[in-house]
Each structure stands twice: as structure tokens, then as C-alpha cells.
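# Structural description and commentary
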Amino acid sequence: MKTLYIVRHGQTDLNKQGIIQGRGRDTDLNNEGRKQAGQFYNAYKDVPFDKIYISALKRTQQSIQQFIDLGIPYEKLPGLDELGWGIFEGQPSTRATKAAFLKIIREWVAGKLDTKFENGESPNEVKLRQIEALQIIMGHPEEQNVLICMHGRAMRLFLCLLIGKPLTEMEDFPHQNLVLYKVTFDGEKFEITDFNNVEHLKRA
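Since this is a predicted model, take the numbers as computed values, not measurements. (Residues numbered from 1 in each chain as written. Predicted model: local features only at pLDDT ≥ 70, side-chain atom pairs only at ≥ 80, totals over all residues. Heavy atoms only, no water.)

As a packed pair, helix α6 (residues 123-138) and helix α7 (residues 152-163) sit with axes 10 Å apart at the nearest point and diverge in direction by 65°. Note on packing geometry: the crossing formed by α6 with α7 is right-handed. Taken together, the residues of α7 that come into contact with α6 (itself represented by P123, V126, K127, Q130, I131, L134 and I137) are A154, L157, F158, L161 and L162. Classifying every residue of the contact of α6 with α7 gives ten nonpolar, one polar and one charged. (Axes fitted to C-alpha atoms, helices over the stretch in contact; angles between N-to-C directions. Helix = DSSP H or I, 4+ residues; strand = E, 2+ residues; numbered from the N terminus. Left-handed = near helix turned anticlockwise from the far one by under 90°. Contact = heavy atoms within 4.5 Å. Nonpolar A, V, L, I, M, F, W, Y, C, P; charged D, E, K, R; others polar.)

Next comes the structure, spelled out in C-alpha cells:
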């Protein structure tokens, strides 16, 4: 039995401004993001985590740093990085950029999973590196409670990978900053036991 606590990182200024970050933007949490990190820590600090896995981007480490400070071992896995949005990363949020974003999401949902922005990544490419990351995470059966901090779009793809849904159904997983998905593995299959949980963000 293994339980994965999968969270998205806390808010950054680019999140607040509606600007796409992606794999190529190594941004910091803002004040709200740090508050969210504290709220999550206060709610889950008593869970006996055996290991923490984060992406190579610092906003994930900043989101769960208080757990690391407890002495829980952690590992950076680039396979957990956000999808690369290529030339659209960091661009101002305009009608044109929003339209391009919605268009490519529609194409992915329609099954065109190799489609990507210039210099970016496709869902199928992200899946390949996530499979490698998952093999590392699941290769340690002694780690029964695992905390994973990653990114919005990548998390949607990762959840599809875990429970065997096609990537075209990625939009079935809503999220916001520091949301929690809890997934259990019984030795044969993964099951989502806590879906889009934000209760910890409602606490002072």
C-alpha cells in the first residue's frame, strides 16, 4: 500500500496575472503562495511522510519547504516539471494569447496529443518523462506516504497516467494553487481517494 499526496505549487505573481509559466519560468511564490504553503503545512504536518518528490523548479520546493525542514528526505525529479509552453511562456495575458491557449487545449482534448507550441512540449512528450519519474517514485515500496509537489497542467497529465485515463481527459481534473489530490496504490492499481481538496486553504 502506498499513498501519494499530490499538490500543485502555491501562487506566483505570474499565476495571479494569468500569465503562462511553464517549464521555462523558474518563478518564486508570492505572499499569497507562501500563505497557502503554510496552510497546507498546518493541515498535513502530522502525516508521517517517508519521502518528498518535487520538480526541478523552485516554486515546488518553496511550497513544501516546511516539510523538508522537518528532516523528511526529498528528491528533485525533472520529470515532474510543468509542461513547456514554448514561445508563450511569460507572455502578457492578452486576447490573442488566451485564444491560442484555448485552441491548443481543444486540440489536445480532441486527441491531437503531439501538438505543441513552438519550442514547447506536447502532452505525449510530458507523459514519457512522467513515466520515468513514476518508476522512481514507485521503485521504493518502503516509502508508504509520499508527498509530491508539481504543476497544474503536468498534474492533470500525471493523474491521467496514474489511473489509466487517456490524456484527452486531462480537463477532468480541476485545480488551483496548493490543491491536493490523494491517490492510493493497493499493489495493483491507483485510486483517487481525495479529489481537488482545498479544505486546508479555508483555514486561517
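Still to come is the rest of the account.
Now for the pairing of strand β6 (residues 190-197). Of the pairings in the sheet, the one linking strand β5 (residues 180-185) to β6 comprises five bridges and is antiparallel in character. Looking across to β6, one finds that F185 is bridged to F190. (Pairing = 2+ DSSP bridges.)

It is the rolling of a water-molecule-sized probe over the atoms that shows where space remains empty. For the largest pocket, the calculated volume is near 410 Å³. Surrounding the largest pocket, 21 residues form its lining, R8, N15, I20, F101 and H175 being those nearest its centre. Among the secondary structure elements, those contributing two or more residues to the lining of the largest pocket are α1 (13-17), α5 (95-109) and α7. Taken together, the residues of the lining of the largest pocket sort by class into seven nonpolar, eight polar and six charged. (1 Å grid on protein atoms, 1.4 Å probe; cavity = no way out; pocket = protein on both sides within 12 Å on 5 of 7 lines; lining within 4 Å. Points joined across faces, edges and corners; volume = space filled by probe spheres on them.)

This part is about the side chain of S122. For S122, the location among the structural elements is in the loop between α5 and α6. Excluding residues within four positions of it along the chain, S122 makes contact with L83, L113, D114, T115 and K116.

Further remarks concern the nonpolar core. In a soluble, globular protein the nonpolar side chains are often hidden away together inside. If you look at the biggest cluster of nonpolar residues, it comprises 57 residues, and the most contacted ones within it are L4, I6, F67, L147, I148, F158 and L162. The greatest single-element share of this core, amounting to eight residues, is contributed by α7. Excluding residues that lie within four positions of it along the chain, L162 makes contacts with L4, I6, L134, V183 and F190. (Core = buried A, V, L, I, M, F, W, Y, C linked by side-chain atoms within 4.5 Å. Buried < 20%, exposed > 50% of the residue type's maximum accessible area, 1.4 Å probe, protein only.)

Below, the discussion takes up the pattern of salt bridges. Oppositely charged side chains can form a pair if their charged atoms are brought close together. Under the counting rule described, the total for this entry stands at 14 salt bridges. E121 is the salt-bridge partner of R23, the closest N and O atoms lying 3.3 Å from each other. Taken as a pair, R23 in the loop between α1 and α2 (31-44) and E121 in the loop between α5 and α6 lie far apart in primary sequence, 98 residues in all. Here R23 falls in the partly exposed class, since its relative accessible area comes to 30%. Classification of E121 as buried rests on a relative accessible area of 12%. The salt bridge partner of K58 is D28, with a shortest N-O separation of 3.4 Å. Remark: D28 occurs in the loop between α1 and α2 and K58 occurs in helix α3 (residues 58-63); sequence separation between them is 30 residues. (Salt bridge = Lys/Arg side-chain N within 4 Å of Asp/Glu carboxyl O.)

Before going further, it helps to examine α2. Turn by turn, an α-helix covers 3.6 residues, leaving residues three or four places apart pointing in a common direction. Spanning 14 residues, α2 covers 20 Å between terminal C-alpha atoms, matching the ideal 20 Å at 1.5 Å per step. Looking only at α2, the buried set comprises G33, Q36, A37, G38, Q39, F40, Y41 and Y44. Buried residues along α2 sit against β1 (2-8), α3, α4 (65-68), β4 (145-150), β5 and β6. Put simply, N30 is the residue that caps the front of α2, since its side-chain oxygen is 3.1 Å from the backbone nitrogen of E32. (Expected span 1.5 Å × (residues − 1). Polar contact = N/O pair within 3.5 Å; in protein donor to acceptor, adjacent residues only side chain to side chain.)

In this section: α6. In this model, α6 (16 residues) spans 22 Å end to end at C-alpha, consistent with the 22 Å of a helix rising 1.5 Å per residue. When α6 is considered as a whole, its buried residues turn out to be P123, V126, R129, Q130, A133, L134 and I137. Seen end-on, α6 carries its buried residues on one side only, within an arc spanning 150°. Of the exposed residues in α6, those oriented more than 90 degrees away from the buried face are L128, E132 and Q135. Contacts from the buried residues of α6 go to β1, β2 (51-54), α5, β4, α7 and β6. (Arc of directions from axis to C-beta.)

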